[in-house]
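# Reading the structure
Take a look at the letters that make up each chain.
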Amino acid sequence: MIEIPNPDSLASGTTYLSVYSQIYSQTEHRTHDLTATISLRNVNRKDTVYIEEAVYYDTHGTPIRNYFARPIFIAPMETVEIVIDEIDREGGTGANFLFDWRTPLTGNAPLFEAVMISTSGQQGLSFTTQGVRLGPKH
């Protein structure tokens, strides 16, 4: 955890990422639990990315937890991961993240992805989602 150097000289943004702790199986009354790996990727070759917050919300829009008590940095081409265990059902079928971040003015925005997976018996299930950059905060 670090202090962000010269925050006024950095571009800032917010990215939304859908994440599924559970999905419906067979009917709306039966769900299947999933493990989710959330990747925070710095796609810059030379610039550091700063993540100010990574807030996880449940299906109803209630914040569950912020994964970083203080800002962190992601080095060029580095990936930081958050894993939500299969037994963690707090997020539900409509969980999501909001990430607040900063980059140098000439840098690329970070890339946020989630991979959800589950295996049961001889069956496996996996799929991915990608973050969407949101407009300015109001």
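Presented here is an overview of the structure given in this document. Predicted model only: the values in this text are computed from it and were never measured. (Residues numbered from 1 in each chain as written. Predicted model: local features only at pLDDT ≥ 70, side-chain atom pairs only at ≥ 80, totals over all residues. Heavy atoms only, no water.)

## Things to note about the nonpolar core
- With 24 residues, the main nonpolar core has Val19, Ile38, Leu40, Ile51, Phe97 and Phe99 as its most contacted residues.
- For this core, the secondary structure elements donating two or more residues are β4 (35–41), β5 (49–57), β7 (72–74), β8 (79–84), β9 (96–104) and β10 (111–120).
- Top contributing element to this core by residue count: β5, with 4 residues.
- Excluding anything up to four places from it in sequence, Ile51 contacts Leu40, Phe68, Pro71, Ile72, Ile74, Asp100, Trp101 and Phe112. (Core = buried A, V, L, I, M, F, W, Y, C linked by side-chain atoms within 4.5 Å. Buried < 20%, exposed > 50% of the residue type's maximum accessible area, 1.4 Å probe, protein only. Helix = DSSP H or I, 4+ residues; strand = E, 2+ residues; numbered from the N terminus. Contact = heavy atoms within 4.5 Å.)

## Concerning the pattern of salt bridges
- This model, assessed by the stated rule, comprises 5 salt bridges.
- For Arg41, the salt bridge identified is with Glu113, shortest N-O distance 3.1 Å. On the criterion of sequence distance, the pair formed by Arg41 in strand β4 and Glu113 in strand β10 is long-range, its members being 72 residues apart.
- For Arg41, a relative accessible area of 30% translates into the label partly exposed.
- Where Arg102 meets Glu52, a salt bridge forms, and the shortest distance between an N and an O atom there is 2.9 Å. Here the residue Arg102 occupies a position in strand β9, and Glu52 occupies one in strand β5, the gap between them amounting to 50 residues.
- Exposure remark for Arg102: the relative accessible area of 19% places this residue in the buried category.
- Because the salt bridges share partners, they merge into one network encompassing Arg65, Asp88 and Glu90. (Salt bridge = Lys/Arg side-chain N within 4 Å of Asp/Glu carboxyl O.)

## Describing the sheet that holds β8
- Pairing is antiparallel in the open sheet, where 4 strands are placed in the order β8-β4-β10-β11. Strands with a single pairing partner mark the edges of an open sheet, and in this sheet they are β8 and β11 (123–130). Put simply, the sheet's adjacent strands are angled 15° from each other on average, direction ignored.
- Of the strand pairs in this sheet, β4 and β10 are connected by 7 bridges, and their pairing is antiparallel. (Pairing = 2+ DSSP bridges. Axes fitted to C-alpha atoms, helices over the stretch in contact; angles between N-to-C directions.)

## Quick word on the side chain of Ser21
- Counting through the fold element by element, Ser21 comes out in the loop between β1 (10–18) and β2 (22–25).
- Given the relative accessible area of 1%, Ser21 is considered buried.
- In terms of polar contacts, Ser21 uses its side chain to reach the side chain of Tyr56, at 2.6 Å. (Polar contact = N/O pair within 3.5 Å; in protein donor to acceptor, adjacent residues only side chain to side chain.)

## What about unusual backbone geometry?
- Phi is positive for Met77, close to 65°, though the residue is something other than glycine.
- Topologically, Met77 is positioned in the loop between β7 and β8.

## Concerning the pairing of β8
- Side chains of β8 alternate between two faces, with Val80, Ile82 and Ile84 buried and Thr79, Glu81 and Val83 left unburied.
- Of the pairings in the sheet, the one linking β4 to β8 comprises 6 bridges and is antiparallel in character. Paired with Ile38 across the two strands is Ile82, which belongs to β8.

## A look at the environment of His60
- Structurally, the position occupied by His60 is in the loop between β5 and β6 (63–66).
- You can call His60 exposed: its relative accessible area is 71%.
- Spatially, the C-alpha atom of His60 lies 7.7 Å from that of Gly94, the residues being 34 residues apart in sequence.

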